[in-house]
Amino acid sequence: MQPLTQQELLAWLKETDESRLQRLWAEADRVRREYVGDAVHLRGLIEISNFCVRRCVYCGLRVERSALARYRMTSDEVLASAHDAVKFGYGTVVLQAGEDPGWRAEEIADVVRRIKSATALAVTLSLGERSPDEWRLWRAAGADRYLLRFETSNRKLYDLIHPVGPNGKLSDRIAMLRELRAIGYEIGSGVMAGIPGQTYDDLAHDLETFRELDLDMIGIGPFIPHPDTPLGKVAAVAGPDQPPADELMALKMVALTRLMCPRANIPSTTALATLNLAQGRELGLQRGANIVMPNVTPLKYRALYEIYPGKACIQEDGAQCSFCLRGRLAAIGRPVGQGRGSARAVHVS
Ligand code: SAH
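Residues numbered from 1 in each chain as written. Predicted model: local features only at pLDDT ≥ 70, side-chain atom pairs only at ≥ 80, totals over all residues. Heavy atoms only, no water.

Trainee: I'm lost on the packing of aromatic side chains in this one. Help?
Mentor: Aromatic ring pairs: the centre-centre distance and the angle between the two ring planes describe each pair. Tallied over the entire structure, the rule returns five aromatic pairs. Measuring from centroid to centroid gives 5.8 Å for Phe 88 and Tyr 90, while their planes differ by 50°, and the two rings are tilted. A relative accessible area of 11% places Phe 88 in the buried class. Residue Tyr 90 is classed as buried on the basis of its relative accessible area, which comes to 5%. Note on Phe 150 and Phe 210: the rings are 5.7 Å apart at their centroids and 55° apart in plane angle, and the pair reads as tilted. With a gap of 60 residues between them, Phe 150 in the loop between strand S4 (145-147) and helix H6 (155-161) and Phe 210 in helix H8 (residues 200-213) connect regions that are remote in the sequence. Residue class for Phe 150 comes out buried when judged on its relative accessible area of 1%. The class of Phe 210 is buried, set by a relative accessible area of 0%. The rings of Trp 135, Tyr 146 and Tyr 185 are connected pair by pair, giving a single aromatic cluster. Between Arg 72 and the ring centre of Phe 51, over which it is positioned, the NZ or CZ distance is 4.3 Å. (Phe/Tyr/Trp six-rings, centres within 6.5 Å; stacked < 30°, edge-to-face > 60°. Buried < 20%, exposed > 50% of the residue type's maximum accessible area, 1.4 Å probe, protein only. Helix = DSSP H or I, 4+ residues; strand = E, 2+ residues; numbered from the N terminus. Lys NZ or Arg CZ within 6 Å of the ring centre and 35° of its normal.)

Structure, rendered in structure tokens:
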């Protein structure tokens, strides 16, 4: 399949005509079925800590948000959540957190080893910008995948929204993704759509970057302003070049990602569900996505992992999420995937 040109991508990103958009949705759905099938793989998301040392201006976990009560799960709690994931029939757990040195590298390695020896789960880590030595340690402990969104391929915008960390260096997540792949992880990344100051050109370039990086998993969500963050206080920038931070924009990105990266695992994200509680997950799955990441974080911590306000699924526990999701999948005629749902396995088999 020929990848779309930047001109074609731009035209689709700006498309408003309903009937032409129907063609985009149908094509994304067809390509999804042809390359990754109907099965929807479920990844249990465990939000293991909301401590963070960074000051990302979009994120509600940023260190300067003193109003937020912080929590760090214990290793035993993480293990219990992983067992819940097995009970609900999920093939993968994703351990996600702010950038939290309080979870020491050895402790992470230990919890990964415990999960791998007690279950058949694939383990994905999403713990931010830790050191290559730590990434290697966790890979050796058995972690299979690493998720690190590059957020936007516009370098200037990225540096504005993602200031230097405690080491005083600007981050280069694209280089980090290459390094993670070299260490042996399957790599996942993604962006937010509708960041103030972002342009349609930037989004087209994001799509091209997904293809160049040959990502195994690509997550896209709308930017959702958090009122207690610097970017959440910026009045929405309206202009001809500014893509809106809405559901339609995020769905166009999902559909175009499927056309650019036909074999990738693409989640229908919580951010999409947050903008449209009734149907967001389903629309993502019908317009290119093939993965859902149901939350298995203990209920008492969920509301505190507040990267943006109004996050979907924070009032339910893991069992309710599993039940709700299975109903939603059945209603759109999509079977639950069995096994780990690895993108690399799709390449070889
Ligand atoms: N500390 C980890 C995990 C961050 S949370 C890391 O930096 O990789 C996971 C994702 O949530 C982020 O990569 C970002 O794309 C998304 N996110 C954060 N704040 C958001 C917001 N206000 N609106 C939409 N998505 C947001």
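Trainee: How should I be thinking about the side chain of Arg 145 in this particular structure?
Mentor: Within the secondary structure layout, Arg 145 lies in strand S4. Overall, Arg 145 belongs to the buried group, its relative accessible area being 6%. Of the polar contacts made by the side chain of Arg 145, one reaches the side chain of Glu 186; its length is 3.2 Å. Here Arg 340 takes part through its backbone oxygen, which lies 3.1 Å from a polar atom of the side chain of Arg 145. Those residues in contact with Arg 145 that lie beyond four places of it in its chain are Arg 43, Thr 92, Ala 122, Val 123, Thr 124, Leu 125, Tyr 185, Glu 186, Arg 340, Gly 341 and Ser 342. (Polar contact = N/O pair within 3.5 Å; in protein donor to acceptor, adjacent residues only side chain to side chain. Contact = heavy atoms within 4.5 Å.)

Trainee: Sorry, what's going on with the layout of surface pockets here?
Mentor: Take a probe with the size of a water molecule and roll it over the atoms, and the empty space left behind shows itself. Considering only enclosed or pocket space, the largest pocket measures out at about 380 Å³ in volume. Forming the boundary of the largest pocket are 20 residues, of which Arg 54, Glu 129, Arg 130, Asn 167 and Met 176 lie nearest the centre. Secondary structure elements with two or more residues in the lining of the largest pocket: helix H5 (132-140) and helix H7 (173-183). Sorting elements by how many residues they give to the lining of the largest pocket places H7 first, with three residues. Residue composition of the lining of the largest pocket, grouped by class: eight nonpolar, four polar and eight charged. (1 Å grid on protein atoms, 1.4 Å probe; cavity = no way out; pocket = protein on both sides within 12 Å on 5 of 7 lines; lining within 4 Å. Points joined across faces, edges and corners; volume = space filled by probe spheres on them. Nonpolar A, V, L, I, M, F, W, Y, C, P; charged D, E, K, R; others polar.)

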